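In case you want the letters, here they are:
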Amino acid sequence: MTRMQKKPMAIAGAGAATGALVAYIFDPQSGKRRRHEAGDRIAAFFRRRWRRVGRTAHISAAYGSGLAKRATHLREEEKPGMDDVTLARKVETEIFREPDVPKGKINVNAENGKIVLRGEVDSAELIDDLVSKAHKVQGVEEVESLLHTPGKAS
């Protein structure tokens, strides 16, 4: 078949489908019920879409609010008068955060803003990492490292 022969068949098929749809919707016995069902389904479709838009807007607003709060609190507020015990616990929290840090082998002491780290760790890189993390804690003025690797005393 050529394209010219297919075109009238496509038009005839579309016309037959349209006729069947019209007969289905305007049927004297069930047409009114079918039209009402179709209207209800269309309305329900748009209601569901509108609710989904509302939920998406709510979630986006909450996420944006969370980002704004996170940006506001990037730096911890200055806390005057922090005692040595609190400072030592804050340093412990920061340096023991990673699972590969040997928590039972390191002691953290604080005295007037000076942190002293004592103990044995596996590598020199870990010593440097722990000292730099301790320096970053708010309220720490100086860090003294007495950490050493196995077999070496500091």
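The following refers to the structure shown. (Residues numbered from 1 in each chain as written. Predicted model: local features only at pLDDT ≥ 70, side-chain atom pairs only at ≥ 80, totals over all residues. Heavy atoms only, no water.)

### Side note on the pairing of strand β1 (residues 106–111)
Thinking step 1. Burial along β1 is one-sided: Ile106, Val108 and Ala110 are buried, and none of Asn107, Asn109 and Glu111, which face the opposite way, are.
Thinking step 2. Taken together, the 6 bridges between β1 and strand β2 (residues 114–120) define a ladder with antiparallel strand orientation. Looking at β2, one finds that Asn109 is bridged to Val116.
Thinking step 3. Connecting β1 to the next strand, β2, in antiparallel fashion are 2 residues, including Asn112 with a positive phi near 55°. (Buried < 20%, exposed > 50% of the residue type's maximum accessible area, 1.4 Å probe, protein only. Helix = DSSP H or I, 4+ residues; strand = E, 2+ residues; numbered from the N terminus. Pairing = 2+ DSSP bridges.)

### Description of the pattern of salt bridges
Thinking step 1. Within the structure shown, the criterion is met by 6 salt bridges.
Thinking step 2. The partner of Arg97 in a salt bridge is Glu94, with the nearest N and O atoms 3.6 Å apart.
Thinking step 3. Residue classification places Glu94 among the partly exposed positions, given a relative accessible area of 28%.
Thinking step 4. The salt bridge partner of Glu144 is Lys114, with a shortest N-O separation of 2.8 Å. One end of the pair, Glu144, is in strand β3 (residues 142–148); the other, Lys114, is in strand β2, with 30 residues separating them in the sequence. (Salt bridge = Lys/Arg side-chain N within 4 Å of Asp/Glu carboxyl O.)

### A short note on the packing of aromatic side chains
Any two aromatic rings considered together are summarised by their centre-to-centre distance and by the angle between their planes.
Thinking step 1. Per the stated rule, a full pass over the model turns up 1 aromatic pair.
Thinking step 2. Ring plane angle 85° and centroid distance 5.2 Å describe the contact between Phe45 and Phe46, whose orientation is recorded as edge-to-face. (Phe/Tyr/Trp six-rings, centres within 6.5 Å; stacked < 30°, edge-to-face > 60°.)

### Description of a nonpolar patch on the surface
Thinking step 1. Taken together, the side chains of Ile42, Phe45 and Phe46 make up a nonpolar region of the molecular surface, amounting to roughly 310 Å² of accessible area.
Thinking step 2. Residue Phe46 is classed as exposed on the basis of its relative accessible area of 53%. (Patch = residues over 30% accessible without salt bridge, like charges linked within 9 Å, V, L, I, M, F, W, Y side chains within 5 Å. Areas by Shrake-Rupley, 256 points an atom, 1.4 Å probe, with all protein chains shown as cover.)

### With respect to the sheet that holds β2
Thinking step 1. The strand order across the open sheet formed by 3 strands is β1-β2-β3, and the pairing between neighbours is mixed. Unpaired on one side and paired on the other, β1 and β3 mark the two borders of the sheet. Within this sheet the neighbouring strands show an average axis-to-axis angle of 10°, counted without direction.
Thinking step 2. The sheet contact formed by β2 and β3 spans 7 bridges and is parallel. Bridge pairing in β3 links Val116 to Glu144.
Thinking step 3. Of the strands in this sheet, β1 and β2 touch helix α3 (residues 84–95), which is tilted by about 145° from β1.
Thinking step 4. Packing of helix α4 (residues 124–136) onto the sheet brings it into contact with β1, β2 and β3, and relative to β3 it is tilted by some 160°. (Axes fitted to C-alpha atoms, helices over the stretch in contact; angles between N-to-C directions. Contact = heavy atoms within 4.5 Å.)

### Notes on the nonpolar core
In summary, soluble globular proteins display a tendency toward joint burial of nonpolar side chains.
Thinking step 1. With 21 residues, the main nonpolar core has Val91, Ile95, Ile106, Val108, Ile115, Leu117 and Leu130 as its most contacted residues.
Thinking step 2. When contributions to this core are tallied by element, the ones reaching two or more residues are α3, β1, β2, α4 and β3.
Thinking step 3. Broken down by element, this core gets its largest block of residues, 5 residues, from α4.
Thinking step 4. Among all residues touching Leu130, those that are not within four sequence positions of it are Ile95, Val101, Ile106, Leu117, Val121 and Leu147. (Core = buried A, V, L, I, M, F, W, Y, C linked by side-chain atoms within 4.5 Å.)

### Considering the packing of α3 against α4
Thinking step 1. Where α3 meets α4, the axes come as close as 9 Å, and the angle between the chain directions of the two elements is 135°. The pairing of α3 with α4 is recorded here as oblique in orientation. The two elements α3 and α4 cross, and the hand of that crossing is right-handed. Only Leu130, Lys133 and Ala134 of α4 make contact with α3, whose side of the interface consists of Val91, Glu94 and Ile95.
Thinking step 2. Looking at the contact of α3 with α4, its residues break down into 4 nonpolar, no polar and 2 charged. (Parallel < 35°, antiparallel > 145°, perpendicular 65-115°, else oblique. Left-handed = near helix turned anticlockwise from the far one by under 90°. Nonpolar A, V, L, I, M, F, W, Y, C, P; charged D, E, K, R; others polar.)

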